Every structure is written in structure tokens, then in C-alpha cells.
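If you want the building blocks of each chain, they are given just below.
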Amino acid sequence: MKGWSRATQISSQMIAQAAEGDRNAQQAVLESQYDFVRGMLYRLVGSSGDVDDLQQTVMLKVLTSLPRFRGESTLSTWVAGICVNVAKDHFRRRKTHAVVVPASEGLEFEAPVSSPHQQAASRQELDEALRALETLTPPQRSAFVLRTVYGHSIEEVASIMGSAKSTTKMRIYYGKKAFTQALHRIANQGVAACAMPLEEA
Amino acid sequence: MGSSCKQFRPLFPEHSAALLAEDSRRRVDAHLKGCASCRDEHRRVHSALQALRSAKPPPIADTQRTQQIQEAVRKAQLAPPAARFRGWRVPVGLLAVAAVALLVFVRMDADDAQPQVSLVAGRLIANGTPMSAGEAIAIGAAIEAVGQESSRMRLDDGSSFLVQARSRLRVSSAAGYLVMLESGEVAFEVARQANGRTFQVHTPEMEVRVVGTRFTVAHEAAVGTRVRVDSGIVEVRVGDGGVWTRLRSGDERLSREASSPSAGRAAVSRDEVPADEVREGEERVARARDQAPTARQIRQRLRTGEVGSARAMIREAQGRRGLNRAELAELAILNVEADLAEHRHAAAIDGYLGVHRRYSGTPQAETALFAAAQLALDHGGAARGRSLAQRYLRTYPRGRYAEEADALIRVLSRNSDEP
């Protein structure tokens, strides 16, 4: 995975300069994290129109909090924590975790798919995945995405989310369970919907 | 779907991401070989996760991207440093008392971005350089009081602030001055501000704004932020989304009281507080500062497995005179952590509940109850964990861990079958 899933590497010297307020370094840090932040926000909150605002919030928080980045994790892991907190605040403000906008609208794929048929199939899979994600609570969704999409260890997820390890394990477990159940349900609904006209005919 | 399918299906996402341990992966593989329905399910999960991993947001024009980045950089140059990352929410590990004190008096000037210092008494450093009269404070510079004594500085409008030893703050200026108190205690005396200008003090937990008054702000990681107004009026709120509350002369407010069920009583008139309690409050920061290294040392011993030695240090600390309830609660929690270090989980659960019972009203009591619920979940069974989480919510409906306790109860209630 790269690009939208992994941030570009940036030197620790550049990070230190950005932390001290060097504009060029700050710009370079944001450039390196831009796609990663955008991709993560889409996965955490869905493709609603709020993502642009949230991205702006995350970037500002990254810069103002950078003096406290101690290099104990990679910069992108630290930025992921900010994304999770911003997404959490977003859901708290909206008092809901349901994504209203059609989930996969506007999304593209990192590896180009070879045919329109494949593209349609991939889009349907993505749509189903995002709909299944909507059934998770925001903390479950964050923990699930960090673990199964970004491949973080449970300790890393706990650290990113600022939660106890036991709580994180619970969230991941119930996130996985809810996700697989929802996916099963959505797929069966799809089959039923396709079958209906035939039965009527 | 057989009972074993129900057991294996939640493992499919991690199996698909190659994150399962070797043993679990083999068991899933063996099950998939013999179960067609699970193979379908696994394929579906795998495709969905694959789609999620490779999906990317709609493209954005380079100009728009550059504009967004430049806008963030511009705002960051004006903004104060953000509040500290809320790692302290992790219940047990972050109870160490970190008490430092500082007192600040700042002046705001509508046209002057950098406050001018007219007097420095004591040892203050800004970004590592000693401060002296006649200098401007660089916006956002870390100001620290070094040495054993408090230091005072006065700004050229007559406002001044006193910084206690080992205190740390930053000063920024946008639509007014903003003092970011990272640790310590601050007693402010602020000159009346020009129209439209504000003077604010932020701590990791609380915000205070003022027009012209004298007040004290103290922040200790273990007990939160305390604001006391000596004269005039200030407004405070907890967190960046809280409601502003007006405090008048003699009022006091604690950040963690404000999020507890006693929120309505949080603004306490000084007249209602016994004199010895006020004095105790004045002395608490200094005592906590003395004790902080001890708590740290005890935890270090626990981490290195020297439990006996840690317990001896706890007993010694408990023998000190004049400890307040929060400090005693902290020591009791250290005792529980010693139980945990010895893997005595049942005793630790009881210990946390004992801390909650004996020291009700302290921040440690709240944390102890939630820690007991979490520990019970891991080592005492879901039923006890749920029951304790419910007890936590009944006791602290707006508590620091209410959201997590609520989520815990909901998932446990929805899924009676435990992992």
C-alpha cells in the first residue's frame, strides 16, 4: 500500500524545523501527509462533504501540535491519532455516526482496474464495505480500520486511540463481528433484490 | 452455519490482512478447506477489505491542494499551540502527580504582537535564553521558571505575572493574548484590556478568559486544573466545547469537578470554603510537587519488578504527615498497581473498589472505579465488568470515561457471547 494508505517519508530534521515554525518545513510536512490524511478521513467518516473541512482541521492540528511530537512513533502513526480524534469530534458534533452521502461516490482505486466490469464490481464491493462500516460505532470503526485496513498492531491502535489495550481489543473484536455480519446481510439483501424481478416474472 | 463457523467468522478480516498468529491462521485455513459457506464469506470479507485498502478519495486539483496547505500553514503561524494530546485518559498509568506552579500577569496590546517585558525578577528563561527587562517575548516561546524560587515579570502596561519554580507556559497573540499553561500554577493580574481584545489562559483541560482581574490557575496532571478568582470576573469552560461559566471574586472551579455530577456545585464561593481548606489548597501544589518524584520512583520500581521495595516506599510515603485525600488515594492506587505487578488480579479489582469507596470525591476514585470495570472485564468475567461499568455510569453519568463505559456496556449487552 502507498499514497493514500501510507504517508511519504520525511526527515526528522525537517519535522524539527517545522516544529520550530519554519514555514517551508511546515509546508513539506503537510505535503508528505496530505494524501494519507485524506485517505484515512474518508475511511473513518465516509465520503461526506465534511472531509475537506476535517482535513483542514487535521492539518492545522498537526502543525500546532508538532512541537510535542517526540518521535516515539512514525510521523504518520502520530498523525493517524489526530485523524481519529478529529473524526471522533466530528461524530460527537453530529450526534450520529451514520454517513448520509452515498458511500463510494467519488472514490477511485489506487491500482487501476482493467475493465469497466471490474470497475463496477470493485465499486460495488467498496460500496458494500463502506455500508458495513457504517454499522460500527465510531470507536469500533476507528479501531477496525486502523487494524485491518492499515495493519497496525493492537498496541499501536491502543496508542493511536489513547485507549487501554483491553478496550481496544474489545473494539476491534466487536468491530470485526459487526462488519462481517453487516457484510453478510448486505450481500443477502443484494441477492434478494436481484432475485425479486425474476420471481415476479 | 455451524457453531464453529460462528467462532471463525470474526477472524476473517485479520486472516485476510495476514495479521493472525500462525496458530490461528492454520486453524482458520483448516476450517475454510472443509466449509464452503465460510469460503464464500471469507471471499466477501477479503474483497471488501481489499476494496477499502485500495480506494482513494476523489482527486483534488493541485491548486486547491496547495491552497489548503498554505492556509493551514498561515493559520498555524497565528494559532496558539494545541492542547496536549489526551493520553491521560488511559486510566491507570497516568495518575502520577506532576505539580508545577506559575503565576503570570500579561498585558495585551492591539497593535503589538509581542508583549514587552518591563521587569524581570528571578530566573525566567524563554526558549532557553534568560529573559531580561526591555525585551519582547517571542510569540509561542516556551517560558520556564528555573531555580528553586518563584520569579516575577511585569509587562510595560503594568500587568505582571509570577512564575513558580519549574513552571512552564507559552504566550501567543492573535485577537488578544493567550497564555498556554502547560504545567504549574498562575496568579494573574491583568490590566484592563482594549475593546475587542481578550486575555485567555488555556490548560490541557480548561480555558479561562478575562477582561481585567486577578486570579490563579493551577494545573496538576493528576488532579486537573483549578481556577480561583481573587478579584474581578473571569469566564471558564472545560475542554474546547464546554459552556462558559462566569466566576466572580472568591469563586473557585475545578476542571474535573465540572465534568462530574456535581457540576452544578463546581463554582464554589470562597465564603463557603473553610479557611483551613483554602490554606490546604494553597499548599497542595507544593506538597504534590515534593511527592511527584516519589510516585514516579515507585512506579519505576514496579516496572522493574521490585514490588517489595515499591511497597516499602508506599508505606513510607503513607507515614508522612499532612497528606490530603487525593495524595492518599494516589498512594492507595500505587498499592493496587503493586498487586497488579504480582498478577493478583482479584485483589487489584477489590483494591480499586476500595479506593473508590474510601476516597470518593477525588479524581482517583473515579478512575479507580473505571479501572476496576476494565480489569474485571479482562479477569473477572463480562458480567462483573458490565455491572461495574454500569455502576460507574450511575455514579459519574458525565464522567471522564462515561463514553467508554457506555460503549462497553452496549457491546456487552448486544453480544452476550464473549470473545
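Note that the structure is predicted; figures quoted are calculated from it, not measured.

### Focus on the overall build of chain A
Across its full length, chain A holds 8 helices and 1 strand. When the helices and strands of chain A are placed in sequence order, the string is α-α-α-α-β-α-α-α-α. The 201 residues of chain A split such that 52% are buried. Once local pairs closer than 6 in sequence are excluded, the contacts in chain A between residues at least 24 apart make up 65%. Accessible surface, chain A: about 8,900 Å² in total, of which carbon and sulfur atoms supply 52%.

### Details of the overall build of chain B
A count of helical and extended segments in chain B gives 13 helices and 17 strands. For chain B, buried positions account for 50% of its 419 residues. Residue pairs in contact within chain B that sit at least 24 positions apart in sequence constitute 55% of those at least 6 positions apart. With the model as given, the accessible surface of chain B reaches about 18,800 Å², and the carbon-plus-sulfur share is 48%.

### A closer look at the packing of helix α8 (residues 307-318) of chain B against helix α9 (residues 325-341) of chain B
All names here are of chain B. Two elements in contact, α8 and α9, have axes whose closest approach is 10 Å; the angle formed by their N-to-C orientations is 165°. Taken together, the axes of α8 and α9 lie roughly antiparallel to each other. For the pair α8 and α9, the crossing hand works out as left-handed. Every residue of α9 that contacts α8 at Val 307, Arg 311, Ile 314, Ala 317 and Gln 318 is listed here: Leu 331, Leu 334, Asn 335, Ala 338, Asp 339 and Ala 341. Taken together, the residues that form the contact of α8 with α9 break down as 7 nonpolar, 2 polar and 2 charged.

### Describing the packing of aromatic side chains
Under the defined criterion, the tally for this structure stands at 6 aromatic pairs over all chains. Ring centres of Tyr 173 of chain A and Tyr 174 of chain A lie 5.0 Å apart, and the angle between their planes is 85°; on these two criteria the pair is classed as edge-to-face. Exposure class is identical for Tyr 173 of chain A and Tyr 174 of chain A. Each is buried. Ring pairing ties together the aromatic residues Phe 370, Tyr 392 and Tyr 396 of chain B, which thus form one cluster.

### Some words on the confidence of the model for chain B
Residue and element names in this part refer to chain B. Mean pLDDT for chain B: 72, with 70% of residues reaching 70 or above. With pLDDT under 50 throughout, residues 96-113 is counted as low confidence; its partners more than four residues away or in other chains account for 105 contacts. Counted against residues more than four places away or in other chains, residues 288-293, with its pLDDT under 50, gives 13 contacts.

Calculation criteria
- Residues numbered from 1 in each chain as written.
- Chains lettered and ligands numbered in written order.
- Predicted model: local features only at pLDDT ≥ 70, side-chain atom pairs only at ≥ 80, totals over all residues.
- Heavy atoms only, no water.
- Helix = DSSP H or I, 4+ residues; strand = E, 2+ residues; numbered from the N terminus.
- Buried < 20%, exposed > 50% of the residue type's maximum accessible area, 1.4 Å probe, protein only.
- Contact = heavy atoms within 4.5 Å.
- Areas by Shrake-Rupley, 256 points an atom, 1.4 Å probe, with all protein chains shown as cover.
- Axes fitted to C-alpha atoms, helices over the stretch in contact; angles between N-to-C directions.
- Parallel < 35°, antiparallel > 145°, perpendicular 65-115°, else oblique.
- Left-handed = near helix turned anticlockwise from the far one by under 90°.
- Nonpolar A, V, L, I, M, F, W, Y, C, P; charged D, E, K, R; others polar.
- Phe/Tyr/Trp six-rings, centres within 6.5 Å; stacked < 30°, edge-to-face > 60°.
- pLDDT = per-residue confidence, 0-100.

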